[in-house]
Protein chains: 2
Amino acid sequence: MGGVVKMSDVAHEAGVSKMTVSNVINGRPGASEETRARVLAAVARLGYQVNATARRLRAGRSGAIGLLVPHLDGPYYAHLAARLDTLARARGHHVIIERTGASRDGEIAAISPERVRPYDGLVFSPVQLDTAEVSGAGIEVPVVLLGERRLAGPFDHVMMDNIGGAVLATTHLIERGSRRIALVGGRPDEGVDSMATLRTRGYRQAHAAAGVPVNERLVVDADSFTTRDGYEAVTRLHQAGVGFDGVFVLTDAAAMGVLRALADLGLRVPDDVQVVGFDNDDEGDYLVPRLTTVDPDNDSMAERIMELLLRRVDEGAPRVGDAVEVVTSARIVVRESTRPRT
Amino acid sequence: MGGVVKMSDVAHEAGVSKMTVSNVINGRPGASEETRARVLAAVARLGYQVNATARRLRAGRSGAIGLLVPHLDGPYYAHLAARLDTLARARGHHVIIERTGASRDGEIAAISPERVRPYDGLVFSPVQLDTAEVSGAGIEVPVVLLGERRLAGPFDHVMMDNIGGAVLATTHLIERGSRRIALVGGRPDEGVDSMATLRTRGYRQAHAAAGVPVNERLVVDADSFTTRDGYEAVTRLHQAGVGFDGVFVLTDAAAMGVLRALADLGLRVPDDVQVVGFDNDDEGDYLVPRLTTVDPDNDSMAERIMELLLRRVDEGAPRVGDAVEVVTSARIVVRESTRPRT
DNA sequence: GTGAAAGCGCTAACAA
DNA sequence: TTGTTAGCGCTTTCAC
């Protein structure tokens, strides 16, 4: 094994120049069918593989796509990351995951020029920053923003239908008989769109459409939407003596905590309280009871994201005023945590 | 923004040569305190950052560590990946995740020379291949094998205490009164050590030590230890009319399915059946009931893995006959799926 | 203590 | 259709 095979070895073996080998390997035109065959044969015989690092140095690109997510604990982002990486690899790139910790400082640091420089492109799922702040960061690579509807900006934007999904969930609860529906993870609408404020808006829209009033005491925050946060939110609500007969939880992870809290409080699901989550994590189908939830169709989101991003990366990223907004559509998955239609 | 700042720009700004800049930046000796300060000032002023790709080309290394895992669906490997990546970055590398799909072919493909070549080192969690097969693959980079005890081989090996953990779990069930303990995910011991056969061995050892006979009909396979597999295994056991008053499930993911199946069958946990899992996934603390499980101490495993691997990578990987074996120790986390001590 | 030369493996641009 | 030259940004070697 006398060292790694390089392009010049192949060139020598095939009796041509490096350049011709390069052309053949990259499928560029301008090589006779016969030369082409000789080169390919030499490549096979020697087991040659291009040195990606050298190619990158030459191209001035790193081949890395940065994925900036709040965390990786739950299945949501882990699954997204796996999916995006598969798609990226199919096109010669790879995904590097960066965790922002869901904090403002973490996000600001993650999009700083030093941190971003190594990447050819960025997929960013902001939870604290808005579009204006992101565009003010001076990012010089193509960016696809993820997961929320914000004011139009210079970035491509792929989002799930947060409002529509929340309307679906809330309407479902109302139709199945709930009238005092707690919103775990709800946020006041301060003009800034976020996952939480959008889903909160859907919750309100559904109430309005059904003519059911919203009791503001039922709208409770859940910090970072972890299982623990869900658990604590419901426990607090109960301790405060606020009665409810339904819960719309902003994420499935938090819904798992809600279910657990309800069990601890001796409340039966769905008999006493109906519960609907959001995300359609695989786990939901194995909870006791199985969780009714909103499926935001993450797989097609991942495809749209990579498609948009790599298009700009491959085209040398002329960031012009043609930012695209894509909204994927949500549907409800009905399981055991809500009652049969009455 | 006239292009990216490079080392020669810094050299020019500081009035020295590229070489001196390189030396200062890499903390190499042989630069006067004054020159050093001038260079650092220029670096700061210009916001210079080394071009990792060029450095890698020069060094003949990619900076990438391959992490070969069966899948990323559950929290186990996702968490491990996040942890390993954090540790790798702290030392100038990064982790690329490759999924083998837990199949023989998937693993063989993942360790083929073409696939491995881009990596400076490999962390491999094999589920089908044994050490002999891995060493026969002709891998030319340092490798740390993960998670199972196999015959001694040329690779560093970090493993959790599968047997000890299984003994802990099974003994716990016996002590709390179970006598017919189903083993979900159990595998016959065919001489090849794997996560499943080792934990199965611990299950048998604990029975022997307590003088409780094992009923072979209670040892059932669970395919790939997913939630679904756990669900189906228990359902099959029940349909076959095999009675049991305890279940040791080989993974928490599968245990979640077991709990769900038990609920569907009308069996109460822990009153009718006690359940113990393995892995200590975060989810376990929110299931209904909360899952008693074995904690294999994954965080210290991750640290040992990266430490061993990067030591060899940094030293130019002279694969000599000094392979290290590290076993981390397990402990049991007692929650609600088992009864209080009688 | 500092710098000039050479080259890592690849490909754009230009010649032949 | 094929080859030559030059250079991506960095660091090893060796000379000063």
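Quantities reported herein were computed from a predicted structural model and do not represent experimental measurements. (Residues numbered from 1 in each chain as written. Chains lettered and ligands numbered in written order. Predicted model: local features only at pLDDT ≥ 70, side-chain atom pairs only at ≥ 80, totals over all residues. Heavy atoms only, no water.)

1. What to know about the interface of chain A and chain B
Next, step 1: Between chain A and chain B, the contact holds 42 residues from the first and 42 residues from the second.
Next, step 2: Carbon and sulfur atoms make up 54% of the area that chain A and chain B hide from each other, which totals about 3,500 Å².
Next, step 3: When the buried surface of chain A facing chain B is broken down by residue, R260, Y286 and V288 of chain A rank first, second and third, together holding 21% of it.
Next, step 4: Applying the counting criterion to the chain A and chain B interface returns six salt bridges.
Next, step 5: Between E336 of chain A and R260 of chain B there is a salt bridge whose closest N-O contact spans 3.1 Å.
Next, step 6: Our count for the chain A to chain B interface comes out at 17 residue pairs in polar contact (both at pLDDT 80 or more).
Next, step 7: Among the elements of the structure, α4 (52-59), α5 (75-89), β2 (94-99), α7 (113-116), α11 (227-239) and α12 (252-264) of chain A are those that each provide at least two residues to the side of chain A that touches chain B. (Contact = heavy atoms within 4.5 Å. Buried area = accessible area lost by both parts, 1.4 Å probe. Salt bridge = Lys/Arg side-chain N within 4 Å of Asp/Glu carboxyl O. Polar contact = N/O pair within 3.5 Å; in protein donor to acceptor, adjacent residues only side chain to side chain. Helix = DSSP H or I, 4+ residues; strand = E, 2+ residues; numbered from the N terminus.)

2. Overview of the protein's contact with DNA strand C
Next, step 1: Around DNA strand C lies a shell of 23 residues, among which M7, Y48 and R58 of chain A together with T20 and T35 of chain B are the nearest.
Next, step 2: Near the protein, meaning within 4 Å, the atoms of DNA strand C are sugar or phosphate in a fraction of 64%, with bases accounting for the rest.
Next, step 3: Between DNA strand C and the protein, one listed contact pairs a phosphate oxygen with a backbone N or O atom of S32 of chain B at 2.7 Å.
Next, step 4: Taken together, the residues of the surface near DNA strand C sort by class into nine nonpolar, eight polar and six charged. (Near = heavy atom within 4 Å. Nonpolar A, V, L, I, M, F, W, Y, C, P; charged D, E, K, R; others polar.)

3. Notes on the pairing of strand β2 (residues 94-99) of chain B
All names here are of chain B.
Next, step 1: Within β2, five of the six residues are buried, leaving the element largely enclosed by the surrounding structure.
Next, step 2: The pairing of strand β1 (residues 64-69) with β2 spans six bridges and is parallel. Pairing of L67 across the sheet is with I97, part of β2. (Buried < 20%, exposed > 50% of the residue type's maximum accessible area, 1.4 Å probe, protein only. Pairing = 2+ DSSP bridges.)

4. Here we look at the sheet that holds strand β12 (residues 331-333) of chain A
Residue and element names in this part refer to chain A.
Next, step 1: Reading across the sheet, the six strands line up as β7-β6-β8-β9-β10-β12 and stay open at both edges, with mixed pairing between neighbours. Since the sheet does not close on itself, it has two edges, and those belong to β7 (219-220) and β12, each with one partner.
Next, step 2: The pairing of strand β9 (residues 274-278) with strand β10 (residues 292-295) spans three bridges and is classified as parallel. Counterpart to F278 in the pairing with β10 is V294.
Next, step 3: Across the sheet, helix α10 (residues 195-210) touches β6 (181-184), β7, β8 (246-249) and β9, and the angle it forms with β6 is around 165°. (Axes fitted to C-alpha atoms, helices over the stretch in contact; angles between N-to-C directions.)

5. Considerations on the protein's contact with DNA strand D
Next, step 1: Surrounding DNA strand D, one finds 23 residues, the nearest of these being T35 of chain A together with M7, M19, Y48 and R58 of chain B.
Next, step 2: At 2.8 Å from a phosphate oxygen of DNA strand D is found a main-chain nitrogen or oxygen belonging to S32 of chain A.
Next, step 3: Elements with a contribution of two residues or more to the surface near DNA strand D: α2 (18-25) and α4 of chain A together with α2 (18-25) and α4 (52-59) of chain B.
Next, step 4: Looking at the surface near DNA strand D residue by residue, the classes come out as nine nonpolar, eight polar and six charged.

6. Description of the packing of helix α9 (residues 162-175) of chain B against helix α10 (residues 195-210) of chain B
Residue and element names in this part refer to chain B.
Next, step 1: Direction vectors running N to C along α9 and α10 enclose 45°, while the axes themselves pass 7 Å from each other. Here α9 is positioned oblique relative to α10, judged by the angle of their axes. Between α9 and α10 lies a crossing of right-handed hand. Contacts between α9 and α10 pair N162, I163, A166, V167, T170, T171 and I174 from the former with M195, L198, R199, R201, G202, Y203, Q205, A206, H207 and A210 from the latter. (Parallel < 35°, antiparallel > 145°, perpendicular 65-115°, else oblique. Left-handed = near helix turned anticlockwise from the far one by under 90°.)

7. Describing helix α13 (residues 298-314) of chain B
Next, step 1: Taking 1.5 Å of rise per residue, the 17 residues of α13 of chain B would be expected to cover 24 Å, and the 24 Å separating its terminal C-alpha atoms lies within 8% of that figure.
Next, step 2: When α13 of chain B is considered as a whole, its buried residues turn out to be N298, M301, A302, I305, M306, L308, L309, L310, R312 and V313 of chain B. (Expected span 1.5 Å × (residues − 1).)

8. Thoughts on the sheet that holds β2 of chain B
Residue and element names in this part refer to chain B.
Next, step 1: One open sheet accounts for six strands, arranged β2-β1-β3-β4-β5-β11; its pairing is parallel. The open sheet has two free edges, formed respectively by β2 and β11 (325-328), since each of these has just one partner strand. Pairs of neighbouring strands in the sheet enclose a mean axial angle of 20°, with direction left out of account.
Next, step 2: In the packing of α13 onto the sheet, contacts are made with β1, β2, β3 (121-124), β4 (143-146), β5 (156-160) and β11, and the angle to β5 comes to roughly 180°.

9. A closer look at the UniProt feature "domain: HTH lacI-type" (unreviewed entry) in chain A
Next, step 1: Within this structure's numbering, the places UniProt gives as "domain: HTH lacI-type" (unreviewed entry) are residues 5-59 of chain A.
Next, step 2: When the span residues 5-59 of chain A is considered, its composition is 69% helix and 0% strand, and the gap between its end C-alpha atoms is 21 Å. (UniProt positions renumbered as here; feature names shortened; annotations may be inferred.)

10. Structural notes on the nonpolar core
Next, step 1: Among the nonpolar cores identified, the biggest contains 142 residues, and F248 and V275 of chain A together with F248 and V275 of chain B are the most heavily contacted of them.
Next, step 2: With residues near it in sequence (within four places) discarded, V275 of chain A still touches L173, V247, V249, V258, L259, L262, V269, L291, T292, S337 and T338 of chain A. (Core = buried A, V, L, I, M, F, W, Y, C linked by side-chain atoms within 4.5 Å.)

11. So, the relation of the copies chain A and chain B
Next, step 1: Its rotation angle being 180°, the transformation that places chain A on chain B also includes 0.0 Å of axial translation and leaves an RMSD of 0.0 Å. This pairing of chains is accounted for by a two-fold axis. (Least-squares fit on C-alpha atoms with pLDDT ≥ 70 in both.)

12. Notes on helix α1 (residues 7-14) of chain B
Residues and elements named next belong to chain B.
Next, step 1: Along α1, the residues classified as buried are M7, V10, A11 and A14. Down the axis of α1, the buried side of the element spans an arc of 100°, and every buried residue falls inside it.
Next, step 2: Where α1 is buried, its residues meet α2 and α3 (33-46).
Next, step 3: Among the residues trailing α1, G15 stands out with phi positive, at a value near 70°. (Arc of directions from axis to C-beta.)

13. Topic: the packing of aromatic side chains
Next, step 1: Inspection of the entire model under this criterion finds six aromatic pairs over all chains.
Next, step 2: Residues F248 of chain B and F278 of chain B carry aromatic rings whose centres are separated by 6.4 Å and whose planes lie at 35° to one another, so their mutual orientation is tilted. Highlighted residues: F248 of chain B in strand β8 (residues 246-249) and F278 of chain B in strand β9 (residues 274-278), separated in sequence by 30 residues.
Next, step 3: On the basis of relative accessible area, F248 of chain B is assigned to the buried category, the value being 0%.
Next, step 4: Residue classification places F278 of chain B among the buried positions, given a relative accessible area of 0%.
Next, step 5: Its end group placed over the ring of F278 of chain A, R199 of chain A keeps NZ or CZ at 3.5 Å from the ring centre. (Phe/Tyr/Trp six-rings, centres within 6.5 Å; stacked < 30°, edge-to-face > 60°. Lys NZ or Arg CZ within 6 Å of the ring centre and 35° of its normal.)

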